Amino acid sequence: MSLSRQNRRRILRLGLGAVATAVVHSGDAAFAETRKLPRDHGESTMSIVPYKTSERPGTIIISNKERVLWRVLGQGKAEQYRVSIGRPGFEWTGTTVVQRKAEWPAWRPPSDMRKRDPSLPDYVPPGPYNPLGARALYLYANGRDTLYRIHGTNSSGSIGSYETSGCFRLTNKDVMDLYRKVGNGTKVIVY
């Protein structure tokens, strides 16, 4: 579905809890598709837990095996969030930094992802139907975009699963909380 710039702005102005109507043109005929927008951002999974590490406060550590993300607080404690991770064959590990952040980000599927699934669009505009959810933290290594993200989801029931293409997915509520606490340059360790 291809939306005009004006219709995309209209949808974004409606906001959460409203009804979005997108006009799709097919030849000379136009028809409307109406969908309900998500009404909530999912539950918060964050809890403060004991966590021993020599990493500095603010560092993010993600365990693929445990499907959790910790934000180190120091003094033997961390914030812990439940996350979805890469499905089998798409797990990723490494050390990166957050180099960019976006609210209601747009999404351009990477070329490898589009090769695997040619039905994916070239571009999904910002808004409540974007698969990156309410916020995204872009992970870079050696100054280059890894194409991996810590991001939200509009399908909060999927949290804790193995279903991403390598990204780390939180509820929108959790990613919005994390987003305001994390700055560019934050170290991220994934194991």
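Residues numbered from 1 in each chain as written. Predicted model: local features only at pLDDT ≥ 70, side-chain atom pairs only at ≥ 80, totals over all residues. Heavy atoms only, no water.

1. Looking at the sheet that holds strand S4 (residues 60-63)
- The strand order across the open sheet built from nine strands is S3-S6-S5-S4-S13-S8-S9-S10-S12, with neighbouring strands paired in mixed fashion. Across the chains shown, the open sheet's two edge strands, defined by having one partner strand only, are strand S3 (47-50) and strand S12 (168-169).
- In this structure, strand S5 (residues 68-74) lies alongside strand S6 (residues 77-82), joined through six bridges in antiparallel fashion. Considered in S6, the bridge of Leu-69 is made with Tyr-81.
- Against the sheet, helix H3 (residues 172-181) engages S5, S6, strand S8 (94-103), strand S9 (135-141) and strand S10 (144-151), with an angle of about 55° to S9. (Pairing = 2+ DSSP bridges. Helix = DSSP H or I, 4+ residues; strand = E, 2+ residues; numbered from the N terminus. Contact = heavy atoms within 4.5 Å. Axes fitted to C-alpha atoms, helices over the stretch in contact; angles between N-to-C directions.)

2. Describing the environment of Glu-66
- Relative to the elements of secondary structure, Glu-66 occurs in the loop between S4 and S5.
- In this structure, the C-alpha to C-alpha distance between Glu-66 and Ser-84, residues 18 residues apart in sequence, is 9.9 Å.

3. So, the nonpolar core
- Judged by nonpolar contacts, the single largest core of 20 residues is most densely connected at Ile-62, Leu-69, Ile-150, Phe-168, Leu-170, Leu-178 and Val-188.
- Considering each element in turn, this core owes the most residues, three residues, to H3.
- Beyond its immediate chain neighbours, meaning those up to four positions away, Leu-69 contacts Ile-60, Ile-61, Ile-62, Glu-79, Gln-80, Tyr-81, Val-83, Ile-150, Leu-170 and Leu-178.
- By size, the runner-up hydrophobic cluster in this structure holds nine residues, among which are Ala-102, Leu-120, Ala-136 and Tyr-138. (Core = buried A, V, L, I, M, F, W, Y, C linked by side-chain atoms within 4.5 Å. Buried < 20%, exposed > 50% of the residue type's maximum accessible area, 1.4 Å probe, protein only.)

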